[in-house]
Amino acid sequence: MDGLQARLETLVAEVRAAADWGIPANYIPELAAVDPAQVGVAICLADGTEVSAGDARVPFSIQSISKVFSLAAVLGRVGDDLWRRVGREPSGTAFDSIFLLEHEGGRPRNPFINAGALVTTDALLGNREPRQALTEVVGLLRAAAEDGEIHIDKAVAQSEKDTADRNMALLHYLKSHGNLFNAPDRVLGTYVHHCAIEMTCRQLARAGRMLALLPGAPRLVSPLRARRINALMMTCGQYDGSGNFAFRVGLPGKSGVGGGILMVAPGKASIAVWSPGLDDNGNSKVGTWLAERIAEHTGWSAFAPS
């Protein structure tokens, strides 16, 4: 697309000049220590072109973006049986809230809030060892990105596990309602490790091609499954900021508290942005601003032709 590279470079320069970064996730010590003054963006286009700007080669913890790929793996393993245990509706509450889980009898609203992702991780585990389940998720990401240099940051995983009291409470509540089949410790360990997968914007944008169904992208999910995952990203991917993100950006997207956002323009592009500082909803402050500017420049939208 004409002028896209120059536009990305201009946007990154504007971000750095404004220096309004937000605050990294301060409840996970390893993430709290990340320098917030970083910004990267990468886009893979339908014709195979890849453009990037800023800190697009700097690895970061993808955190809840991994939930998209763990969901894809689970749906490939158990299919629609997962939806008996997890809903598909927006939560309207914080990603780690226990309120709706208590109100609705232990069935999480969707697979992207923490309670839903924990049930999905439980289904991913099945009767296997955690190492096998994690190998499947990392393997899926490597295959999607066509890049073997994607790994788990064990220090981030341990830091997250050490501060996971709220997630452990969610796990015990799920178990009390019969919606957890593995031991809470086992599920938590698997969950924090797939959230601690480390990628660059360039790798993440390449991994997202499978959901954008771009020509030449690895075909790792069916078109129907990609469409349904994209729908969940649109309605639930930014937690209780999902409606605002859809209004401002108009593309399916999934955020993570590491500051990344993966977005999909079906048939047109896969986009990854990263900046570690977060807004009040736990989404990247700069990343959301960048996403809006990119949508404005390209005209990409799930709601209008471009």
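An unreviewed UniProt entry lists the protein chain under the name Glutaminase, with Maliponia aquimaris as the source organism. Its UniProt record, at the heading Subunit (unreviewed entry), says of the protein chain: "Homotetramer." A UniProt comment under Catalytic activity (unreviewed entry) is attached to the protein chain, and it reads "L-glutamine + H2O = L-glutamate + NH4(+)".

All right, on to the packing of aromatic side chains then. By the definition in use, this model includes one aromatic pair. Measuring from ring centre to ring centre gives 5.1 Å for F60 and W274, while their planes differ by 5 degrees; the resulting arrangement is stacked. Placement of F60 in strand β3 (residues 60-61) and of W274 in strand β8 (residues 269-274) is noted, with a sequence separation of 214 residues between them. As far as the burial class goes, F60 and W274 line up, both buried. Across from the ring centre of W83, 5.3 Å away, lies the NZ or CZ of R88, which sits over that ring.

Helix length check: helix α3 (residues 66-78), at 13 residues, gives a terminal C-alpha distance of 18 Å against a target of 18 Å (1.5 Å per residue), a fit within 8%. Taken as a whole, α3 has its buried residues at S66, K67, V68, F69, S70, L71, A72, A73, V74 and L75. Looking at the residues trailing α3, positive phi occurs at G79, about 65 degrees.

We now examine the pattern of salt bridges. Under the defined criterion, the tally for this structure stands at 15 salt bridges. The closest approach of N and O atoms between R77 and E136, which form a salt bridge, is 3.0 Å. Linking R77 in helix α3 with E136 in helix α6 (residues 130-145), this pair joins segments that are 59 residues apart in sequence. Accessibility expressed as a relative area gives 45% for R77, which makes it partly exposed. Its relative accessible area of 23% is what places E136 among the partly exposed residues. Taking the shortest distance from any N to any O, the salt bridge between E136 and R128 comes out at 2.7 Å. R128 gets classed as buried once you look at its relative accessible area, which sits at 16%. Via salt bridges that share partners, E50, E146, R206 and R209 belong to a single interconnected network.

Right, let's talk about the UniProt feature "binding site: substrate" (unreviewed entry) in the protein chain for a bit. Feature annotation in UniProt assigns "binding site: substrate" (unreviewed entry) to the following positions: S64, N114, E160, N167, Y191, Y239 and V257. Turning to its location among the elements, Y191 is positioned in helix α9 (residues 184-195). The residues contacting Y191, other than those within four sequence positions of it, are K67, N114, A117, L118, T121, E160 and N167. Separated by 3.5 Å, the side chains of Y191 and N114 make a polar contact. Relative to the elements of secondary structure, Y239 occurs in the loop between α12 (223-236) and α13 (242-248). Judged by relative accessible area, Y239 falls into the buried class, the value being 4%. In contact with Y239, not counting residues within four places along its chain, are S64, K67, F95, F112, I113, K254, S255, N281 and N283.

The next thing to look at is the nonpolar core. Counting 76 residues, the largest nonpolar core has F69 and L211 as the members making the most contacts within it. Filtering out sequence-adjacent residues up to four positions away, L211 remains in contact with V68, V221, A226, I229, N230, M233 and V264.

Criteria and thresholds
- Residues numbered from 1 in each chain as written.
- Predicted model: local features only at pLDDT ≥ 70, side-chain atom pairs only at ≥ 80, totals over all residues.
- Heavy atoms only, no water.
- UniProt positions renumbered as here; feature names shortened; annotations may be inferred.
- Phe/Tyr/Trp six-rings, centres within 6.5 Å; stacked < 30°, edge-to-face > 60°.
- Helix = DSSP H or I, 4+ residues; strand = E, 2+ residues; numbered from the N terminus.
- Buried < 20%, exposed > 50% of the residue type's maximum accessible area, 1.4 Å probe, protein only.
- Lys NZ or Arg CZ within 6 Å of the ring centre and 35° of its normal.
- Expected span 1.5 Å × (residues − 1).
- Salt bridge = Lys/Arg side-chain N within 4 Å of Asp/Glu carboxyl O.
- Contact = heavy atoms within 4.5 Å.
- Polar contact = N/O pair within 3.5 Å; in protein donor to acceptor, adjacent residues only side chain to side chain.
- Core = buried A, V, L, I, M, F, W, Y, C linked by side-chain atoms within 4.5 Å.

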